[in-house]
Amino acid sequence: MQLIQLIIDGVASGCIYGLVALGFVLIYKATETINFAQGDILMLGAFVAYSLIGIIGVDYLTGFALTVLIIAVFGFFLDAVVVRQIIGQPAFATVMLTIGLGFIFRGFASIYWGTDIFSFSTPFSGKITEFNGLIISYVNLSIIVGTAVLMSALYFFFTFSKIGVAMRASSENQLAAYYMGIPVKFIFSLIWSISAGVAAVAGVLLAPITLVDTSISLIGLKAFAAAVLGGFGSIPGAIVGGIIIGIVEQLCGTYENYLFEGVREISAYLVLILTLIIYPRGLFSDKAEVKKV
Amino acid sequence: MRFIFKTKYSQDINIAKHNGDRFWYSLLILIMVALPLVLDDFYLGEISYICILSIAGIGLMILSGYTGLASLGHAAFLGVGAYTHAFLLTNGIPFYASIPIVIIVSFLVGAAIGIPILRLTGMYLAIATLALGFIAEHVFIKWEHFTGGNRGLPVPQPEFLGMSFYDSVFFYYVCLVFLIAAMFAAINILRSPTGRAFVAIRDSEIAAQSLGVNLGLYKALSFAISGAFTGLAGALLAHYIGYLAPDIFNIFLSLTLLLLIVVGGMGSLHGTVFGAIFVGFLPQLIAICRDYLPSSIGSQPGLEPMLFGLILVFFILYEPLGIYGRWMKIKLFFELFPTYKRQTFKKQKVFTKSDRV
């Protein structure tokens, strides 16, 4: 029973990793760049939600929606103004650029909001439900349900909407997409905005657990493990990878005595390294995207 | 403009291309040797620190600037060097024996890390090194027998050649000698077939492979050599800091090293020195900025990462060749005067390159 309890907790935190990883994957699939600032965008999302809900006093759902909207617009212009300029530069340049952007966001957040730890009230705070002796907090439930809703929304968006199909087309082959009259640059900026929006959702859902401060941007680094495990090109892979990482982390934390001390904090990175060494394609990758020497 | 008349093939790989080079670099070394006569202890300490940063920068430059492999976890090598050195000194091994051991250990660690993860390219490598950096930081905290854990590890300052490391003039000379030696080693590595292979890998892996470069071997070698240089810098850094704590070797230090080589100029050894000077004086620069800003902003701790990020983004977008690139442009401007054209260094229009196969 304790095991199931742990798995449920793991799934909840794994969903957050999965959502952040989803942001990586969307951008990577489309533009072959990795956004190292994803975790910092998540942090901005949490802070904006804190401003709206905690300070101004908008109600939770409206605040949630507004936050996602603000961050999505922010993501759009981030691509259109800054990131687009270095298309075609070596991978190193994009890595450095997005790391630099991440630092700017973090610096901005600590200047604007301060370095204290904030929290805001949500409808889920402090409530739990019992089910066959399992204790599930509403916060965890909200994360799992939120992820599921977002995933199905994205699924329908990418399968049935015209823009969604255009996005998949541009990811598949830019040149062909241009020839078909798809505004590829605009589509890429839209993908950045969706991925920023997803990060904002993760940030708001996460806020009741970790509270809001600048250190939550580190989640972004753990989410790399999720993305790599899932195969870095696959949307369901990102979520499954995230959930696996979440569960592994919970288990490592509980059974620390049997392993070695402090294994919990680095378990995600260990999984990441092992995946890269043993099976760099990842679980859900449909083609061998990692070149081997 | 200077035209070099070549009469021998071996002239192509001369360290000094012409007499002007010889004159200016000798003058530079003389000035550096004479510096303690005019500067006080504080500035000597700062310049020693810049020398240490330059050595670490050379290490990362060989890996990222010349072989084209990004590493976001290079602070781990600094840590390995520093902790190995401190551990050896604590156990009574003299300084002159400890340094070679540190270099060998860092080389081996570099090779051991390099071999499994070098099958990865581009971003995957960046992510993997990032994760390794975190794991290394964690190992420094948890392996208390070796590192002293969170309590930290005092670095013994032994006598060397009858002098003490507390003497800032002596420490300055030690750092300077190691920097010059490291520079020579790096120049020689880079003009040897090994170095040419590194550059070939950076410019095109497929082309390098078709010319018979063993990609796996040379990438691992690059990682190991880079680790050795950075480990040496770590050993000197241990003396400079005096007391090792695991949180020194965090991701921020790795990123500072990356900032160093990007600002200095990717793919040039001059760039490591320029970058080290920049990074070394960055805290002072920030302190000056604080004075000019209103106190509500100036006193914020977030200012430092923000400026750090701004500088990084600015250089990546507007001066990808760094300070050294800017210097080359200025030099060319005067050499070609008045026929210099801006377009010489214009960024070419490029399309997205694909890693997909």
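Residues numbered from 1 in each chain as written. Chains lettered and ligands numbered in written order. Predicted model: local features only at pLDDT ≥ 70, side-chain atom pairs only at ≥ 80, totals over all residues. Heavy atoms only, no water.

Undergrad: What is the right way to read the overall build of chain B from this model?
TA: Counting its regular elements, chain B contains 15 helices and 4 strands. Here chain B holds 357 residues, and the buried ones make up 49% of them. Total accessible area computed for chain B in this model is approximately 17,400 Å², and 68% of it derives from carbon and sulfur atoms. Of the charged side chains in chain B, 23 are positive and 17 negative, and the gap between their average positions amounts to 16 Å. (Helix = DSSP H or I, 4+ residues; strand = E, 2+ residues; numbered from the N terminus. Buried < 20%, exposed > 50% of the residue type's maximum accessible area, 1.4 Å probe, protein only. Areas by Shrake-Rupley, 256 points an atom, 1.4 Å probe, with all protein chains shown as cover. Lys, Arg positive; Asp, Glu negative; His and termini not counted. Charge placed at Lys NZ, Arg CZ, Asp CG, Glu CD.)

Undergrad: Sorry, what's going on with the nonpolar core here?
TA: A general feature of soluble globular proteins is that nonpolar side chains tend to end up buried together. One finds Phe36(A), Phe232(A) and Phe249(B) to be the most contacted residues of the largest nonpolar core, which totals 196 residues. Excluding its chain neighbours within four sequence positions, the residues that come into contact with Phe232(A) are Phe24(A), Val25(A), Tyr28(A), Ile34(A), Phe224(A), Ala227(A), Tyr124(B) and Ile127(B). Core analysis: the second largest hydrophobic core is formed by 5 residues, Ala197(B), Ala208(B), Val213(B) and Leu215(B) among them. (Core = buried A, V, L, I, M, F, W, Y, C linked by side-chain atoms within 4.5 Å. Contact = heavy atoms within 4.5 Å.)

Undergrad: Looking at this model, I keep getting lost on the packing of helix H2 (residues 41-66) of chain B against helix H11 (residues 251-264) of chain B. Mind explaining?
TA: All names here are of chain B. Relative to each other, H2 and H11 sit at 75 degrees, their axes nearing to 9 Å. Taken as axis vectors, H2 and H11 run roughly perpendicular relative to one another. Where H2 abuts H11, its residues Leu53, Ala56, Gly57, Leu60, Met61 and Ser64 lie against Leu257, Leu258, Leu260 and Ile261. Each residue belonging to the contact of H2 with H11 can be placed in one class, and the counts come to 8 nonpolar, 2 polar and no charged. (Axes fitted to C-alpha atoms, helices over the stretch in contact; angles between N-to-C directions. Parallel < 35°, antiparallel > 145°, perpendicular 65-115°, else oblique. Nonpolar A, V, L, I, M, F, W, Y, C, P; charged D, E, K, R; others polar.)

Undergrad: Would you mind going over the environment of Phe278(B) with me for this structure?
TA: All names here are of chain B. On the secondary structure map, phenylalanine 278 appears in helix H12 (residues 269-292). Separated by 233 residues in the primary sequence, phenylalanine 278 and glycine 45 place their C-alpha atoms 15 Å from one another. Ignoring sequence-local partners within four residues, the contact set of phenylalanine 278 consists of Val263, Ile311 and Ile323.

Undergrad: Please explain the interface of chain A and chain B as it appears in this structure.
TA: When the parts of a complex come together, some accessible area is lost, and that lost area is often used as the size of the interface. With 56 residues of chain A at the interface, the matching set in chain B holds 56 residues. With both sides pooled, the region where chain A packs onto chain B buries about 5,100 Å², and carbon together with sulfur makes up 74% of that total. Across the contact surface, chain A and chain B share 0 salt bridges. Joining chain A to chain B, the criterion identifies 0 residue pairs in polar contact (both at pLDDT 80 or more). Within the residue set of the side of chain A that touches chain B, elements represented by two or more residues are helix H1 (2-31), helix H4 (91-112), helix H9 (219-230) and helix H11 (263-278) of chain A. A total of 16 residues in the side of chain A that touches chain B trace back to one element, the largest contributor, which is H4(A). Of the residues in the side of chain A that touches chain B, the class split is 35 nonpolar, 14 polar and 7 charged. (Buried area = accessible area lost by both parts, 1.4 Å probe. Salt bridge = Lys/Arg side-chain N within 4 Å of Asp/Glu carboxyl O. Polar contact = N/O pair within 3.5 Å; in protein donor to acceptor, adjacent residues only side chain to side chain.)

Undergrad: Honestly, the side chain of Ser142(A) in this entry has me stumped. Any pointers?
TA: Residue and element names in this part refer to chain A. Within the secondary structure, serine 142 sits in helix H5 (residues 138-160). Since its relative accessible area comes to 10%, serine 142 is described here as buried. A distance of 2.6 Å separates a polar side-chain atom of serine 142 from the backbone oxygen of valine 139. When residues no more than four places from it in sequence are discounted, the contact partners of serine 142 are Phe124 and Leu205.

Undergrad: Would you take a moment to explain the pattern of salt bridges for this structure?
TA: All names here are of chain A. Applying the stated criterion across every chain, the model contains 7 salt bridges over all chains. Notably, a salt bridge pairs glutamate 249 with lysine 222, separated by 3.0 Å at the nearest N-O pair. Of this pair, glutamate 249 sits in helix H10 (residues 235-254) while lysine 222 is found in helix H9, placing the two residues 27 residues apart along the sequence. Here glutamate 249 and lysine 222 have matching classes, each one buried.

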